[in-house]
Amino acid sequence: MNKRTIFHRSISLVGLSGLIAVVVTGAFAEDNKPSKKLVVGFSQVGAESGWRTANTESIKSEAAKRGVDLRFSDAQQKEENQIKAIRSFIAEGVDVIAFSPVVETGFEPVLQEAKKAGIPVVLSDRAVKVSDPSLYKCFIGSDFIEEGRRAANEVAKLTGGKANVAELVGTVGSAPAIDRKKGFEEVMAKYPDMKIIMSQSGDFTRAKGKEVMEAFLKAPNAKDINVLFAHNDDMALGAIQAMEEAGIKPGVDIKIVSIDGVRGAFEAMKDGKLNVTVECNPLLGPQLFDLIEAVAAGKEVPHRVVTQEGVYEQSQAAAELPKRQY
Ligand code: AHR
C-alpha cells in the first residue's frame, strides 16, 4: 500500500475532525511515522527535440519513483512562460524549484524572488547568467563548450582540416547555442582552412533545421559547403531531408557532425547519412533528484556538476544502436 492509499484510508476512518488533523500533519508512511512528500516545481524548456523528450521522461519517471510531488510546467521555448511558472511555484510554496532555462539572461529578478521566499533553486541542463551565483544552489548539465570543441575536432578529422562549414545554430541566446559555437570556433581557429561560411538558427527543431538547410542550399556559394555542423541531432536530421530532396548525398557530399546522440542520429549514421554525433546526455533525472533531495535537506552540494559524455562515429553506430536508451 502506498502512502497516498494510507492517506485516503485515514480520511474515511477519522471523520471531519480527524480529517483536519490529517490535512495539517500530512500523510503517514507504513511505519506510521508522519512523512511529507517533497514538492518540486520543474519548468522545462519545451518539447523541441528528441533530446528534450528523453530529458522530460527521465525527470518525470525519477520523480514518480521517489514519490516526489512534481509540479511540471512546459515553457514551450518561451522565457516569459518560464518566469510565470517560477512565480507560480513561489506562490505555491514548493520545497525546491528546478528548471532548464530557455535562454541564459533575464532570470535574475525571479531568482531573487525565490531566494527571498527561501526556496532553493537547482538548474538542470542549461545555465543562466546572473551577477549573484548564490541565486541557485547547483547547476547540473553538460559542458557545452567542450561539446563544441569535440565537434570541431571531428570536422578536422573528417576533412583533413579543410572545411567550409554551414552551421545550424540552436535557440538564439540559449546556453548550448552560445557555448557550442564558442567551443567549435576555438578549435577551428587552429585550422586556417576551416571556416564557417553560413550560420543561422534552426531553433533546435527538425522542421527549422530542414527549412534553414533548404535556404543554405539555395545560397550562391552553396556548392562550397562540404560540412554541416548542427548544434543538435534533430536539426541535422531535418537538414538530411533537405539535402536528399536537393539530390545531395548527406554524409558523403556534405559531411555532417551534430550533437546529442539520440537514436535517430545513430540510425542515420548506420545508413551512412550522418558522420559523427557528440553525446549530450539527457538522462539527468536520477542525479538531479539526488541533488534536489540534498538541497531540500539543507545539505551542501557542489555548485556545478558536469555530466560525462562520449563521441560516436559512423563505424560504431550499428553496435551502439541497440544499447541507446534515448
Ligand atoms: O540544452 C540541451 C539541448 O537542448 C539539446 O542539445 C537539444 O537537442 C535540446 O533541445
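Residues numbered from 1 in each chain as written. Predicted model: local features only at pLDDT ≥ 70, side-chain atom pairs only at ≥ 80, totals over all residues. Heavy atoms only, no water.

Engineer: Would you mind going over the packing of aromatic side chains in detail, with residue names and values included?
Structural biologist: Any pair of aromatic rings gets described here by the distance separating the centres and the angle formed by the planes. Applying the stated rule across the entire model yields 4 aromatic pairs. With 4.1 Å between their ring centres and 5° between their planes, Phe184 and Phe229 make a pair best called stacked. On the criterion of sequence distance, the pair formed by Phe184 in helix H6 (residues 175-188) and Phe229 in strand E10 (residues 227-230) is long-range, its members being 45 residues apart. Of the two residues, Phe184 and Phe229, neither departs from the other in class, the shared state being buried. It is Lys60 that lies over the ring of Phe72; its NZ or CZ is 4.4 Å from the centre. (Phe/Tyr/Trp six-rings, centres within 6.5 Å; stacked < 30°, edge-to-face > 60°. Helix = DSSP H or I, 4+ residues; strand = E, 2+ residues; numbered from the N terminus. Buried < 20%, exposed > 50% of the residue type's maximum accessible area, 1.4 Å probe, protein only. Lys NZ or Arg CZ within 6 Å of the ring centre and 35° of its normal.)

Engineer: Talk me through the environment of Ala114; I want residue IDs and the actual numbers.
Structural biologist: Tracing the sequence through the fold places Ala114 in helix H4 (residues 108-116). Residue classification places Ala114 among the buried positions, given a relative accessible area of 0%. Measuring from C-alpha to C-alpha, the distance between Ala114 and Arg87 comes to 8.0 Å, with 27 residues separating the pair along the chain. Ignoring any residue separated from it by four or fewer positions in sequence, one finds Ala114 in contact with Ile90, Ile97, Ile119 and Val121. (Contact = heavy atoms within 4.5 Å.)

Engineer: Hey, could you go over the site of the ligand for me, with residue numbers and the actual values?
Structural biologist: Every residue lining the ligand is accounted for by Glu48, Ser49, Trp51, Arg52, Asp125, Arg126, Phe144, Pro176, Arg180, Phe204, Asn232 and Asp260. Between the ligand and Glu48 there is a distance of 2.4 Å, counted from an oxygen atom to a side-chain nitrogen or oxygen. The contact in question runs from an oxygen atom of the ligand to an N or O atom on the side chain of Arg180, over 2.8 Å. In isolation the ligand offers 280 Å² of accessible surface; the protein chains occlude 100% of this area. When residues of the shell around the ligand are traced back to their parent elements, those giving at least two are helix H2 (50-66) and H6. Counting contributing residues per domain, the shell around the ligand is built from domain 1 (39-141 + 282-308) and domain 2 (144-280), each supplying no fewer than three. (Near = heavy atom within 4 Å. Polar contact = N/O pair within 3.5 Å; in protein donor to acceptor, adjacent residues only side chain to side chain. Areas by Shrake-Rupley, 256 points an atom, 1.4 Å probe, with all protein chains shown as cover. Domains from an automatic or database assignment.)

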